[in-house]
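Observations on the model geometry
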Amino acid sequence: MDALCAATPLLADQRECTKPGQLTSKALALCVALLAGCAEESTPPPRAGQFGKAATVQSDTPSVVEGMDPAARVRNRNLRNGITTRALTGRAYTFTDMGGVPDGDAASVVRDLSSAALGGEAKASYAIHLKLRQCAGMMKRFDKEGASAVRQTTYESCRSLSAEHYDSASEWLSLAADQGHVGAQLLYVSDPEATLGSQADMLRDPDAIKQYKATAMKYLKAASADGSIDALIHLGDAYRIGVLADQDFVAAYAYYQVAARIEPRFVSSTRMEEIRKRLTPQEIHHSHTKGMTIHDECCR
């Protein structure tokens, strides 16, 4: 694992594939997060698309945020969404816990949390996605390696889930991300297959790819503006690799500079030097200026 992933406590497991030279060979794959687990169901699951737009965005109530500084407001929202963070410099932060997979039978988890999720609670939407995702991972291992590869209790709690449950997993992820759950937003970015399907599916629907890229960049910029160093690094990756956005080494260097200024050990100095060698003196100056603007907007 490269220095960037190794130094990012939460995202290390989810971004293990972000090693130089591996990403360009797999369209849209900045990283595939690896999870595992399961659940059960007897009635058709509710779908994230069955409600109006007004329920998709979770906002802070005036009584809660009145008088709060921006950093406290972000911290309050994250805590409400089950996310704990570690403060860095200024308003910048990194994640220590984005919330885990709920315990219990998966069908019961979906049933019990659906009302809250459809009512606008990002934490519930994200939990449903994680449970279904965990179950799907376990079933893939079961199909590939047999019963000995999974725990019997996990398999039993999972095997009654319907195809509709699995099909709805991406909708719950998108819903949680739209509701402002930064963990869902970064997972949406790091695992395009969770939203777009297989590479064959991506090739069949280029419009979906275009929309995915625009949405992913929107999430990254929103999270970075709130002070997430993980999002800043993701943006550096996006502009360096040129998959989510047009390749732009000036922008990549700017975002990496901001992240390095906040926490030097989070950014690979070798990677930054490789980018710097690609830039002219004028481009380096422009990147420095851009980096100062980004830092002022996100983290001062």
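Residues numbered from 1 in each chain as written. Predicted model: local features only at pLDDT ≥ 70, side-chain atom pairs only at ≥ 80, totals over all residues. Heavy atoms only, no water.

1. As for the overall build of the chain
Selection rule: Secondary structure elements are defined from DSSP: runs of H or I of at least 4 residues count as helices, runs of E of at least 2 residues count as strands, and each element is numbered from the N terminus. Contacts between residues were defined by any pair of non-hydrogen atoms, one from each residue, lying within 4.5 Å.
Assigned secondary structure in the chain consists of 15 helices and two strands. Partitioning the intrachain contacts of the chain with sequence separation of at least 6 by distance along the chain shows that 67% fall at a separation of at least 24.

2. Quick word on helix α7 (residues 163-178)
Under the convention used in this document: Multiply 1.5 Å by the residue count of a helix minus one, and that product is the helix's expected span. Note that bend, as reported per residue, equals the angle between axes fitted to the 7 residues terminating at that residue and the 7 residues originating from it. Only protein chains enter the accessibility calculation, which uses a 1.4 Å probe; a residue is then buried when its area is under 20% of its type maximum, exposed when over 50%, and partly exposed in between.
End to end, α7 covers 24 Å across 16 residues, agreeing with the expected 22 Å (1.5 Å per residue, within 8%). The largest bend along α7 reaches roughly 35° and is located at Ala 169. Taken as a whole, α7 has its buried residues at His 165, Ser 168, Ala 169, Ser 170, Trp 172, Leu 173, Leu 175, Ala 176 and Ala 177. Where α7 is buried, its residues contact α4 (106-118), α5 (122-145), α8 (182-190), α9 (193-196) and α11 (206-225). Within two residues after α7, Gly 180 carries a phi angle of roughly 95°, on the positive side.

3. Some words on the packing of aromatic side chains
Each aromatic ring pair is characterised by the separation of its centres together with the angle its planes make. Condition: Only Phe, Tyr and Trp rings take part, Trp by its six-membered ring, and two of them pair if their centres are within 6.5 Å. Stacked means planes under 30 degrees apart, edge-to-face means over 60, and tilted covers everything else.
Within the structure shown, the criterion is met by five aromatic pairs. Ring plane angle 20° and centroid distance 4.6 Å describe the contact between Phe 142 and Tyr 155, whose orientation is recorded as stacked. Here the residue Phe 142 occupies a position in helix α5, and Tyr 155 occupies one in helix α6 (residues 152-158), the gap between them amounting to 13 residues. Under the relative-accessibility criterion, Phe 142 is labelled partly exposed at 23%. The class of Tyr 155 is buried, set by a relative accessible area of 16%. For the pair Tyr 188 and Tyr 219, a centre-to-centre distance of 5.2 Å together with 85° between the ring planes defines the contact as edge-to-face. Of this pair, Tyr 188 sits in helix α8 while Tyr 219 sits in helix α11, and the two are 31 residues apart along the sequence.

4. Comments concerning the state of the cysteines
Formally: For this text, the term disulfide refers to a pair of cysteine sulfurs within 2.5 Å.
Tallying each qualifying case throughout the model produces two disulfides. With a sulfur-sulfur separation of 1.5 Å, Cys 135 is cross-linked through a disulfide to Cys 158. Judged by the torsion about the S-S bond (110°), the Cys 135/Cys 158 disulfide is right-handed. Here Cys 135, found in helix α5, pairs with Cys 158, found in helix α6; they are 23 residues apart in sequence, far enough to count as distant. Each sulfur in the disulfide pair Cys 298 and Cys 299 lies 2.0 Å from the other. Across the S-S bond linking Cys 298 and Cys 299, the dihedral sits near -95°, which makes this disulfide left-handed. The exposure class of Cys 299 is buried, given its relative accessible area of 1%. Each disulfide of the chain joins two cysteines, and with those cysteines numbered along the sequence the arrangement is 1-2, 3-4.

5. Side note on the nonpolar core
Our working rule: To qualify as a nonpolar core, a set must consist of buried Ala, Val, Leu, Ile, Met, Phe, Trp, Tyr and Cys residues joined through side-chain atoms within 4.5 Å.
Ranked by size, the top nonpolar core spans 57 residues in total, and within it Met 217, Leu 220, Leu 232, Tyr 239, Leu 244 and Ile 262 carry the most contacts. Here this core gets twelve residues from one element, more than from any other, and that element is helix α13 (residues 249-262). Residues within four places of Ile 262 in sequence aside, it is in contact with Leu 88, Thr 89, Ala 92, Ile 229, Leu 232, His 295 and Cys 299. Among the nonpolar cores identified, the runner-up in size contains 17 residues, and Ala 106, Ala 124, Met 138 and Tyr 155 belong to it.

6. Re the confidence of the model for the chain
Threshold: Confidence of the predictor at the level of single residues is captured by pLDDT, which takes values from 0 to 100.
Within the chain, residue pLDDT values average 81, and 77% of them lie at 70 or more. The element-level mean pLDDT for the chain is lowest in helix α1 (residues 3-6), coming to 31, with α13 highest at 97. Contacts of residues 1-43 to residues separated by more than four positions or lying in other chains number 126 contacts, the stretch itself having pLDDT below 50. Of the regions scoring below 50 in pLDDT, residues 50-54 engages in three contacts with residues more than four places distant in sequence or in other chains.

7. Let's talk about the side chain of His 295
With respect to the helices and strands, His 295 occurs in helix α15 (residues 281-298). Residues within four places of His 295 in sequence aside, it is in contact with Val 258, Arg 261, Ile 262 and Arg 300.

8. Some points on the pattern of salt bridges
Rule in force here: The working definition used for a salt bridge is a side-chain nitrogen of Lys or Arg within 4 Å of a carboxyl oxygen of Asp or Glu.
If you walk through the whole model with that rule in mind, you get nine salt bridges. As a salt-bridge pair, Arg 240 and Asp 237 come within 3.8 Å of each other at their nearest N and O atoms. Highlighted residues: Arg 240 and Asp 237, both in helix α12 (residues 229-241), separated by three residues, approximately one helical turn. For the pair formed by Arg 240 and Asp 237, the shared burial category is buried. Here Asp 296 ties to Arg 300 by a salt bridge, and the two come within 3.8 Å at their closest N and O atoms.

9. What to know about the packing of α11 against α12
Rule in force here: Between N-to-C directions, angles span 0 to 180 degrees; the directions come from axes that are lines fitted to C-alpha atoms, helices contributing only their stretch in contact. Convention used here: angles under 35 degrees read as roughly parallel, angles over 145 as roughly antiparallel, angles from 65 to 115 as roughly perpendicular, and any remaining angle as oblique. Crossings are assigned a handedness: left-handed for a near helix turned anticlockwise from the far helix by less than a right angle, right-handed for a clockwise turn. Gly counts as polar in this scheme, as do all residues outside two lists: the nonpolar Ala, Val, Leu, Ile, Met, Phe, Trp, Tyr, Cys and Pro, and the charged Asp, Glu, Lys and Arg.
Contact pair α11 / α12: the axes reach a minimum separation of 8 Å and the direction vectors enclose 140°. The angle between α11 and α12 places the two elements in the oblique class. With respect to the hand of their crossing, α11 and α12 are arranged in left-handed fashion. Together, Met 217, Leu 220, Lys 221, Ala 223 and Ser 224 of α11 and Ala 231, Leu 232, His 234, Leu 235, Ala 238 and Tyr 239 of α12 make up the contact between the two elements. Along the lines of polarity and charge, the residues of the contact of α11 with α12 split into eight nonpolar, two polar and one charged.

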